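Here is what each chain is made of, one letter per residue.
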Amino acid sequence: MRRNSQEENKEENKFKDKSADKSIDLMLRPSSWGEYIGQKKIKSGLKIIIEAAGKREEAIDHLLFYGQPGLGKTTLAILVAKETRGNFKMVSAPNLSKSGDLIALLSNLEERDVLFIDEAHRLHPAVEEVFYSAIDNRKINFMVGKGPASRMLSLDLPSFTLIAATTRVNLVSAPLRSRFGAIFQIDYYENNDIEAIIERSAEILGVKIDKDATRMIVRASRFTPRLANRILKRARDIAEVKNSKIITKIIDRQVVLGTFDLLGIDELGLEIHDRKLLETIIKKFRGGPVGISALAAALGEERGAIEEVYEPYLMKINFLQRTPGGRTATIEARDWLDAALYKINPSLYN
Ligand code: ADE
């Protein structure tokens, strides 16, 4: 059945919105070391590795970046490629479903290419195997043909650099991990760096934002540039719609509060799954301590995901503690959730 044109338009706009947002993301992405705010230690470590390899006229060693999503792993890899004047080629590990996919990719590499593998913890074991010889001696061996006529071929690869990125470093196999020349943990950003990133992005987007609103976005950004930029982009949408008659659109406190509502986050950037985790500890386990396995079962989540994805931010803001007896929700977490409940329904407290 043919869909009506309204539905088609909606579909088209959805696509357009997504691609528009993607091109905005590209605009906001720093394109030089000078533009890249924060992560001083990692930047200087990378610069040393790049400079030393340059002096020896060699490709830089293979690197592993790990850390929470949105902290700039891809951006850093792009900057490494720029600095070493190599092409940047990117693939997500789940898209390499057969060893042949990786062989095709590797056999098209050129000197100094930077091959960026995202979600490296999701590499298929057979594909990972091909990486070992590519990393160890810049060679790949593969079979051509079938049965008695099959032959093993060996292909020399140009000097390239593999940069692997993961949010789940514990799931990267030990043999793969041990093959990287350096491993960098990309940690949360400092508040003043997030503030500078928001100010830079607002300027690029051509939107005015007051100090109060900037501070609110910093507080809700989970110390993560991608999230800070996401809030800023949606705040710009709201400012443009609300103040459409005013020529200078400005993001202020009211606009940011509306944005939190739109995104379903609170003033500390907590999402529904964060609240669920804390509430489970508080209500089902009397505030803890609760062992990670019991908590994972109660939430229906994988233990590793809780440890590597959900807990770091909650620990960083002191809402959750890991104790020898298990996880505990802090007084601060209880107070925050109580205050949120009070805002929704003050009558409960009378
Ligand atoms: N946008 C996203 N991450 C950034 C960073 N580290 N520096 C500047 N702008 C950014």
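Source: prediction; values computed, not measured. (Residues numbered from 1 in each chain as written. Predicted model: local features only at pLDDT ≥ 70, side-chain atom pairs only at ≥ 80, totals over all residues. Heavy atoms only, no water.)

**Side note on helix H2 (residues 40-55)**
Since one α-helical turn is 3.6 residues long, residues separated by three or four positions face the same way.
1) Next: Between the first and last C-alpha of H2 there are 22 Å, a value that for 16 residues agrees with the 22 Å anticipated at 1.5 Å per step.
2) Next: When H2 is considered as a whole, its buried residues turn out to be Ile-42, Lys-43, Gly-45, Leu-46, Ile-50 and Ala-53. Taken end-on, H2 shows its buried residues confined to a sector of 165°, consistent with a single buried face. Those residues of H2 that are exposed and angled more than 90 degrees off the buried face are Lys-40, Lys-41, Ile-48, Glu-51 and Lys-55.
3) Next: In this fold, the buried residues of H2 make contact with strand E1 (63-66), helix H3 (73-83) and strand E7 (182-185). (Helix = DSSP H or I, 4+ residues; strand = E, 2+ residues; numbered from the N terminus. Expected span 1.5 Å × (residues − 1). Buried < 20%, exposed > 50% of the residue type's maximum accessible area, 1.4 Å probe, protein only. Arc of directions from axis to C-beta. Contact = heavy atoms within 4.5 Å.)

**Quick word on helix H8 (residues 211-220)**
1) Next: Along H8, the residues that are buried comprise Ala-213, Thr-214, Met-216, Ile-217, Val-218 and Ala-220.
2) Next: Where H8 begins, the capping side chain belongs to Asp-210, and its oxygen is found 3.3 Å from the backbone nitrogen of Asp-212.
3) Next: One or two residues past the end of H8 sits Arg-222, with phi positive at roughly 55°. (Polar contact = N/O pair within 3.5 Å; in protein donor to acceptor, adjacent residues only side chain to side chain.)

**Description of the domain arrangement of the protein chain**
1) Next: By the assigned domains, the protein chain splits into domain 1 (39-185), domain 2 (191-263) and domain 3 (272-349).
2) Next: The distance between the C-alpha centroids of domain 1 and domain 2 comes to 36 Å. (Domains from an automatic or database assignment.)

**Comments concerning the packing of H2 against H3**
1) Next: Closest axis-to-axis distance for the H2/H3 pair is 11 Å, and the angle between their directions is 30°. In terms of their interaxial angle, H2 and H3 are classed as roughly parallel. Note that H2 runs across H3; the crossing there is right-handed. On H3, the residues that touch Ile-42, Leu-46 and Ile-50 of H2 are Leu-76, Val-80 and Glu-83.
2) Next: Taken together, the residues of the contact of H2 with H3 sort by class into 5 nonpolar, no polar and 1 charged. (Axes fitted to C-alpha atoms, helices over the stretch in contact; angles between N-to-C directions. Parallel < 35°, antiparallel > 145°, perpendicular 65-115°, else oblique. Left-handed = near helix turned anticlockwise from the far one by under 90°. Nonpolar A, V, L, I, M, F, W, Y, C, P; charged D, E, K, R; others polar.)

**Section: the sheet that holds strand E3 (residues 114-118)**
1) Next: Overall, parallel pairing links the 5 strands, which are arranged E2-E3-E6-E1-E7 in an open sheet. Looking at which strands have only one partner, the edges of the open sheet turn out to be strand E2 (88-92) and E7. Averaged over all pairs of adjacent strands, the angle between strand axes in this sheet comes to 20°, irrespective of strand direction. (Pairing = 2+ DSSP bridges.)

**Observations regarding unusual backbone geometry**
1) Next: Omega for the bond connecting Gly-288 with Pro-289 falls within 30 degrees of zero, at 5°, which places this linkage in the cis form.
2) Next: Residue Arg-85 is not a glycine yet carries a positive backbone phi of 55°.
3) Next: Despite not being glycine, Arg-222 shows a phi value in the positive range, around 55°.
4) Next: Among the structural elements, Arg-222 can be located in the loop between H8 and helix H9 (225-242).

**Overview of the site of the ligand**
1) Next: Close to the ligand lie Leu-28, Pro-30, Glu-35, Tyr-36, Ile-37, Tyr-189, Ile-197, Arg-200, Pro-225 and Asn-229, which account for all nearby residues.
2) Next: Between the ligand and Ile-37 there is a distance of 2.8 Å, counted from a nitrogen atom to a backbone nitrogen or oxygen.
3) Next: Within the contact set of the ligand, a nitrogen atom lies 3.2 Å away from a side-chain nitrogen or oxygen of Arg-200.
4) Next: The fraction of the free accessible surface of the ligand (260 Å²) that becomes covered by protein chains is 93%.
5) Next: Broken down by secondary-structure element, the contributors of at least two residues to the shell around the ligand are helix H7 (191-205) and H9.
6) Next: For the shell around the ligand, the per-class residue count stands at 7 nonpolar, 1 polar and 2 charged. (Near = heavy atom within 4 Å. Areas by Shrake-Rupley, 256 points an atom, 1.4 Å probe, with all protein chains shown as cover.)

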